[in-house]
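The chain contents come next:
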Amino acid sequence: MADLWQDAMDHAVTAARGAGRQVVREALREDRKVMTKSSSVDLVTQTDQKVEQLIIQSVKEKYPTHRFIGEESVAAGEPCVLSDEPTWIIDPIDGTTNFVHGFPFVAVSVGFSVNRQIEFGVVYSCLEDKMFTARRGRGSFCNGQPLQVSAQTDVGQSVIATEFGSNRDPEVVDGIFSSLRNVLAIPVHGVRSAGTAAINMCLVASGCVEAYYEMGMHVWDLAAASLLVTEAGGVLMDVEGGPFDLMSRRVIAANNRSIGQRIAREIRAYAPVRDDAPAHTQ
Ligand SMILES: O=P(O)(O)O[C@H]1[C@H](O)[C@@H](O)[C@H](O)[C@H](O)[C@@H]1O
Ligand SMILES: [Mg+2]
Ligand SMILES: [Mg+2]
């Protein structure tokens, strides 16, 4: 059967690869002017803004009725609304801190939802030149090769990915370290941070790490890569073990439910302001 969204997915792949190769990688050769958003450690550059505008413009020309949630557009005051309408969910640079410092994990992330369900996800890891793609019901791939989550069932034989985020509120930082301590003391083989939610989730999809958890990231960090995880056979859940909610800013992505639930028991959960809270949706 013909795939209704194949053209759109092809467009996302071309746009993400083009932006990653021609804009992000080129910008890494030059001085990067760094600006801040919500705090002094929440970074943004002109490259983030340029990539987002390039992708949105190219999509608008082809699909004038489609909607957008873009990280830098929301930062500039655009609403963050996930409706039933076809919506492109864009993180122009996932891993901006990495980008600023030349730490080599930087991704362009493009998710696409219809009826609040992710139809396809595209994550281009710019420096690794890896194109991660997933289409709902049709599997996950890296550079065209199928992906499968790890078969590990013993959490004690697992590697877990997480991030420290950009919230330096002492209570939030204490919670992060308390969770990290508990996870390490399970004990697991190790804990890793790629510096980007999207790449951490692609690592789960690739079978390199068994689970990734974080609180405080946003819908644009998760949208595309969430489908990579499930289409590779993994599961998504809330950090307290309940159903995953794309707008909640909380996630566990795991290779299977039992490892996900085991990690959930160790997390000191908090509730960040949701992406669909009124201040973000007007
Ligand atoms: O702002 P960008 O798009 O680089 O994304 C975020 C990461 O993806 C988070 O996992 C991570 O924890 C950081 O909060 C980071 O900001
Ligand atoms: Mg991001
Ligand atoms: Mg970003």
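Just so we're clear, the structure is a prediction, and the values are computed from it rather than from any experiment.

**Re the coordination of the magnesium ion (ligand 2)**
Thinking step 1. Donor atoms from the polypeptide that bind the magnesium ion (ligand 2) are D91 (OD), D94 (OD) and D221 (OD), placed at 1.8 to 2.0 Å.
Thinking step 2. A separation of 3.5 Å is found between the magnesium ion (ligand 2) and the magnesium ion (ligand 3), which share D91 as a coordinating residue. Here D221 lies in helix α7 (residues 219-231) and D91 lies in strand β4 (residues 87-94), a separation of 130 residues in the sequence.
Thinking step 3. Given the relative accessible area of 9%, D221 is considered buried.

**Considering the site of ligand 1**
Thinking step 1. Surveying the vicinity of ligand 1 reveals 13 residues, the closest of which are D94, G95, T96, A197 and E214.
Thinking step 2. At 3.0 Å from an oxygen atom of ligand 1 is found a side-chain nitrogen or oxygen belonging to D91.
Thinking step 3. G95 places a main-chain nitrogen or oxygen 2.7 Å from an oxygen atom of ligand 1.
Thinking step 4. In the complex, the protein chains occlude 89% of the 370 Å² of accessible area that ligand 1 would expose alone.
Thinking step 5. Because more than half of its atoms lie within 2 Å of the grid, ligand 1 is assigned to the largest pocket.

**Points about the domain arrangement of the protein chain**
Thinking step 1. What the domain assignment reports for the protein chain is domain 1 (5-146) and domain 2 (155-265).
Thinking step 2. Taking the mean C-alpha position of each, domain 1 and domain 2 sit 20 Å from one another.
Thinking step 3. Each side of the interface is counted separately: domain 1 has 39 residues, and domain 2 has 23 residues.
Thinking step 4. For the domain 1 face of the interface with domain 2, the top three residues by lost area are D94, I118 and F132, together amounting to 21%.
Thinking step 5. On the surface where domain 1 and domain 2 come into contact, there are 0 salt bridges.

**Notes on the confidence of the model for the protein chain**
Thinking step 1. Here the protein chain averages 96 in pLDDT, and 99% of its residues register 70 or above.
Thinking step 2. Among the scores for the predicted complex, ipTM is 0.96 and pTM is 0.97.

**A short note on the coordination of the magnesium ion (ligand 3)**
Under perfect tetrahedral coordination by four donors, a metal shows angles of 109.5 degrees; under perfect octahedral coordination by six donors, it shows angles of 90 or 180 degrees.
Thinking step 1. In the first shell of the magnesium ion (ligand 3), the protein supplies E71 (OE), D91 (OD) and I93 (O), at 2.0 to 2.2 Å from the metal.
Thinking step 2. Read from N- to C-terminus, the donor residues coordinating the magnesium ion (ligand 3) fall into the pattern E-x19-D-x1-I.

**A short note on the packing of aromatic side chains**
Thinking step 1. Evaluated as defined, the whole model comprises 7 aromatic pairs.
Thinking step 2. Relative to W88, the ring of Y63 lies with its centre 6.0 Å away and its plane at 35 degrees, an arrangement referred to as tilted. Of this pair, Y63 sits in the loop between α2 (46-62) and β3 (67-70) while W88 sits in strand β4; the two residues are 25 residues apart in sequence, bridging distant segments of the chain. Each member of the pair, Y63 together with W88, is buried.
Thinking step 3. Centroid distance F112 to F120: 4.8 Å. Interplanar angle 10 degrees. Geometry classified as stacked. Residue F112 shares its accessibility class with F120, and that shared class is buried.
Thinking step 4. Put simply, the rings of W5, Y63, W88, F112 and F120 pair up and form one aromatic cluster.

Conventions used here
- Residues numbered from 1 in each chain as written.
- Chains lettered and ligands numbered in written order.
- Predicted model: local features only at pLDDT ≥ 70, side-chain atom pairs only at ≥ 80, totals over all residues.
- Heavy atoms only, no water.
- Donors = N, O, S within 2.8 Å, 3.2 Å for Na, K, Ca; no water.
- Helix = DSSP H or I, 4+ residues; strand = E, 2+ residues; numbered from the N terminus.
- Buried < 20%, exposed > 50% of the residue type's maximum accessible area, 1.4 Å probe, protein only.
- Near = heavy atom within 4 Å.
- Polar contact = N/O pair within 3.5 Å; in protein donor to acceptor, adjacent residues only side chain to side chain.
- Areas by Shrake-Rupley, 256 points an atom, 1.4 Å probe, with all protein chains shown as cover.
- 1 Å grid on protein atoms, 1.4 Å probe; cavity = no way out; pocket = protein on both sides within 12 Å on 5 of 7 lines; lining within 4 Å.
- Sits in = over half its atoms within 2 Å of the grid points.
- Domains from an automatic or database assignment.
- Contact = heavy atoms within 4.5 Å.
- Buried area = accessible area lost by both parts, 1.4 Å probe.
- Salt bridge = Lys/Arg side-chain N within 4 Å of Asp/Glu carboxyl O.
- pLDDT = per-residue confidence, 0-100.
- Phe/Tyr/Trp six-rings, centres within 6.5 Å; stacked < 30°, edge-to-face > 60°.

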